[in-house]
Amino acid sequence: MNPSPALPANFNEFVGNAPAVDSLRTAIAAGRLPHSLILAGPAGAGKYTLALMLTMTVECLRQPRDLWSNGQALATFCGNCANCSRILTAANLEEQVAAAVAAREELRETDKKDTRVLIQPHPDVLIIPPDPPQLLIKLGQVRTLIQHAHYLPAEAPRRIFILTAASMMKEAANSILKILEEPPETAHILILAENVGELLPTIRSRCAIVRLGALPVEEIEMLLADRRPEVPPQQRALIARLSQGAAGRALSFDLEAYTAARADAIIFLRNAAAAVQESTGGRAAEPDHSALFKMTETYRAGAEGQQKTVALLRAFALLLEDMLLIEAGTPELVRNTDLRPELTRFAQALPFRWIEQATHALDQVHAGMRRNLLRSLSLDAFAGQLASAVAP
Ligand SMILES: [Zn+2]
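Residues numbered from 1 in each chain as written. Predicted model: local features only at pLDDT ≥ 70, side-chain atom pairs only at ≥ 80, totals over all residues. Heavy atoms only, no water.

**Student:** I'd love a proper account of the overall build of the chain, names of residues and values included.
**Tutor:** Across its full length, the chain holds 17 helices and 8 strands. For 392 residues, the compact-globule estimate of 2.2 N^0.38 gives 21 Å, and the chain sits close to it at 23 Å. In terms of overall dimensions, the chain has C-alpha extents of about 70 × 55 × 35 Å along its principal axes. Looking at the 392 residues of the chain, the share that counts as buried comes to 46%. Counted over contacts in the chain with a minimum sequence separation of 6, partners at least 24 positions apart contribute 70%. On the chain, roughly 19,000 Å² of surface is accessible, and the fraction owed to carbon and sulfur atoms is 53%. Across the chain, the mean location of the 39 positive side-chain charges is 4 Å away from that of the 42 negative side-chain charges. (Helix = DSSP H or I, 4+ residues; strand = E, 2+ residues; numbered from the N terminus. Rg over C-alpha atoms; globule rule 2.2 N^0.38 Å. Buried < 20%, exposed > 50% of the residue type's maximum accessible area, 1.4 Å probe, protein only. Contact = heavy atoms within 4.5 Å. Areas by Shrake-Rupley, 256 points an atom, 1.4 Å probe, with all protein chains shown as cover. Lys, Arg positive; Asp, Glu negative; His and termini not counted. Charge placed at Lys NZ, Arg CZ, Asp CG, Glu CD.)

In structure tokens form, the structure reads like this:
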């Protein structure tokens with residue numbers, strides 16, 4: 001996967017959800033963008049990408065317009081002015097949040113508590129991600145938002161705040177209510193929500209809500225045929241399914257890296273399946289510990305190992321989900337379409353309870369990595385946990 005995804009160069013390249021996007025651009029052109037706005041939609045629908053593009057559109061120093069033949073004006077951005085280019089630097093949000101969290105880990109305990117994870121690509125643009133380890137938006141972050149919102153913009157027409165998730169601590173949610181009710185004329189607050197139901201009804205009722213949908217697999221396949229014609233059709237079909245409705249993810253999908261990570265994830269499955277057969281007295285092959293050991297040995301500490309580990313865990317999660325789809329009797333929904341026969345065999349060999357426990361172990365590993373991004377994960381210990389999750 002592309003580690004620093006670029007933003008689409010213009011709105012024509014933002015795939016999907018055209019009516020919603022057009023209405024927001026029309027509102028900006030007319031100076032009527034809601035001051036409190038929820039962008040709702042599933043992961044991969046492009047909420048953050050769109051939020052950043054809208055931010056550039058509001059803040060752009062050139063204020064370009066696309067004019068339609070019916071006289072309608074849609075606001076857009078130049079992508080080059082001092083405001084656009086600074087806002088663009090927030091495109092690789094995940095990396096920046098990881099860096100901010102890692103920097104905080106280095107602080108003394110007393111300072112850690114007061115350090116908020118905030119991304120500020122431009123003096124007037126503040127991006128507020130959920131704060132690890134709980135992954136909730138915290139009171140301190142909302143307090144900073146409120147403080148900034150009451151200042152006039154410094155270098156751009158407006159101050160814009162993007163909350164990248166809807167999950168908030170109770171005090172944070174209560175505290176944001178007031179500013180959502182009467183936001184300053186010069187401020188816009190955007191909340192990105194996978195699940196609008198996570199927000200207090202009182203927050204929802206104070207915001208305009210715009211909904212984005214994930215793209216159907218067929219639409220992503222067409223997009224890939226158009227933009228990445230060099231990729232063979234069979235691989236395009238696979239990428240379309242693996243990117244789970246996310247156009248941006250599909251366009252930058254590195255199938256080779258994914259396949260490598262997945263091959264390692266399969267060693268976990270093979271090992272666990274062998275352990276199950278052993279424990280039930282089957283005369284299956286011995287668990288191949290040396291293959292597992294050779295694989296985990298290639299995962300080293302440090303940033304590169306970290307990235308490789310994340311890719312491995314992501315591939316493993318997709319494999320588990322696919323096995324559940326097979327068990328549920330819906331094999332047509334499997335994303336790793338090229339591995340369907342092999343996954344069916346694993347789904348038969350490994351009991352449902354094992355898949356459940358493996359999913360749980362995976363969640364714990366993710367939580368652990370969020371708490372301490374610098375610590376390298378012990379894949380051997382993880383594999384041991386998976387293999388022992390089978391005792392009847
Ligand atoms: Zn610009």
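**Student:** With reference to specific residues and values, describe helix H4 (residues 93-105).
**Tutor:** Compared with the 18 Å implied by 1.5 Å per residue over 13 residues, the 18 Å span of H4 between its first and last C-alpha is a close match. Those residues of H4 lying buried are Leu93, Val97, Val101, Ala102 and Arg104. Burial along H4 is one-sided: seen end-on, the buried residues are contained in an arc of 165°. (Expected span 1.5 Å × (residues − 1). Arc of directions from axis to C-beta.)

**Student:** Before we move on, can you summarise the sheet that holds strand S1 (residues 36-40) with the specific residues and values?
**Tutor:** Ordered by their spatial adjacency, 6 strands build an open sheet running S4-S5-S6-S7-S1-S8, and the pairing between neighbours is mixed. Looking at which strands have only one partner, the edges of the open sheet turn out to be strand S4 (119-122) and strand S8 (208-211). Mean inter-strand twist for the sheet, computed between neighbouring axes without regard to direction, equals 20°. (Pairing = 2+ DSSP bridges. Axes fitted to C-alpha atoms, helices over the stretch in contact; angles between N-to-C directions.)

**Student:** Now, about helix H7 (residues 170-181): what can you tell me, with residues and values included?
**Tutor:** Side chains three or four residues apart in an α-helix point the same way, a direct result of the helix having 3.6 residues per turn. Here H7 spans 17 Å end to end across 12 residues, near enough to the 16 Å set by a 1.5 Å rise per residue. All of the buried residues along H7 are Ala172, Ala173, Ile176, Leu177, Ile179 and Leu180. Looking at the buried positions of H7, the neighbouring elements they touch are S1, helix H6 (139-149), strand S6 (159-163), strand S7 (187-193) and helix H8 (201-204).

**Student:** Break down the packing of aromatic side chains for me, with residues and values.
**Tutor:** The description of an aromatic ring pair rests on the distance of the ring centres and on the angle between the ring planes. For the structure shown, the criterion picks out 5 aromatic pairs. Ring geometry for Phe11 against Phe77: centres 5.5 Å apart, planes inclined by 65°, an arrangement best described as edge-to-face. One end of the pair, Phe11, is in the segment before helix H1 (18-29); the other, Phe77, is in the loop between strand S3 (73-75) and helix H3 (82-88), with 66 residues separating them in the sequence. Since its relative accessible area comes to 6%, Phe11 is described here as buried. (Phe/Tyr/Trp six-rings, centres within 6.5 Å; stacked < 30°, edge-to-face > 60°.)

**Student:** I'd like to hear about the pattern of salt bridges, residue by residue, with values.
**Tutor:** In the structure shown here, the tally under the stated rule is 14 salt bridges. We note a salt bridge from Asp124 to Arg159, for which the minimum N-O separation is 3.7 Å. One end of the pair, Asp124, is in the loop between S4 and strand S5 (125-128); the other, Arg159, is in strand S6, with 35 residues separating them in the sequence. As far as burial versus exposure is concerned, Asp124 and Arg159 are alike and both buried. Connected through salt bridges with shared partners, the residues Arg104, Asp131 and Lys138 form a single ionic network. (Salt bridge = Lys/Arg side-chain N within 4 Å of Asp/Glu carboxyl O.)

**Student:** Can you lay out unusual backbone geometry for me, pointing to particular residues and giving the numbers?
**Tutor:** Phi at Asn17 takes a positive value of approximately 55°, unusual for a residue other than glycine. Its location among the elements puts Asn17 in the segment before H1.

**Student:** A description of the coordination of the zinc ion should follow, citing residues and the corresponding values.
**Tutor:** Looking at the metal site, the zinc ion is ligated by Cys60 (SG), Cys78 (SG), Cys81 (SG) and Cys84 (SG), spaced 2.3 to 2.4 Å from it. The coordination sphere of the zinc ion comprises 4 donor atoms, whose angles at the metal cover 103 to 118°; the geometry is tetrahedral. Donor residues binding the zinc ion come from one chain and are separated in sequence as C-x17-C-x2-C-x2-C. (Donors = N, O, S within 2.8 Å, 3.2 Å for Na, K, Ca; no water. Tetrahedral: all angles 85-135°; square planar, octahedral: opposite > 155°, others 65-115°.)

**Student:** Please provide a residue-by-residue account of the packing of helix H12 (residues 255-279) against helix H17 (residues 379-388), values included.
**Tutor:** Between two packed helices, the angle of one axis relative to the other and the distance separating the axes together describe the packing. Direction vectors running N to C along H12 and H17 enclose 40°, while the axes themselves pass 9 Å from each other. Read as a crossing pair, H12 and H17 show a hand that is right-handed. Listed contacts from H17 to Phe268, Ala272 and Ala275 of H12 are Leu379, Phe382, Ala383, Leu386 and Ala387. (Left-handed = near helix turned anticlockwise from the far one by under 90°.)

**Student:** So, the side chain of Asp264: which residues are in play, and what are the values?
**Tutor:** Among the structural elements, Asp264 can be located in helix H12. Buried and unpaired, Asp264 has Lys308 as its nearest opposite-charge partner, separated by 5.1 Å. For Asp264, the contacting residues outside a window of four places in its chain are Met295, Tyr299 and Leu312.

**Student:** Before we move on, can you summarise the environment of Ala240 with the specific residues and values?
**Tutor:** With respect to the secondary-structure elements, Ala240 resides in helix H10 (residues 233-242). For Ala240, a relative accessible area of 1% gives the class buried. Remark: the alpha-carbon pair of Ala240 and Arg340, spanning 100 residues in sequence, is separated by 16 Å.

The analysis is restricted to geometry; functional conclusions fall outside its scope.
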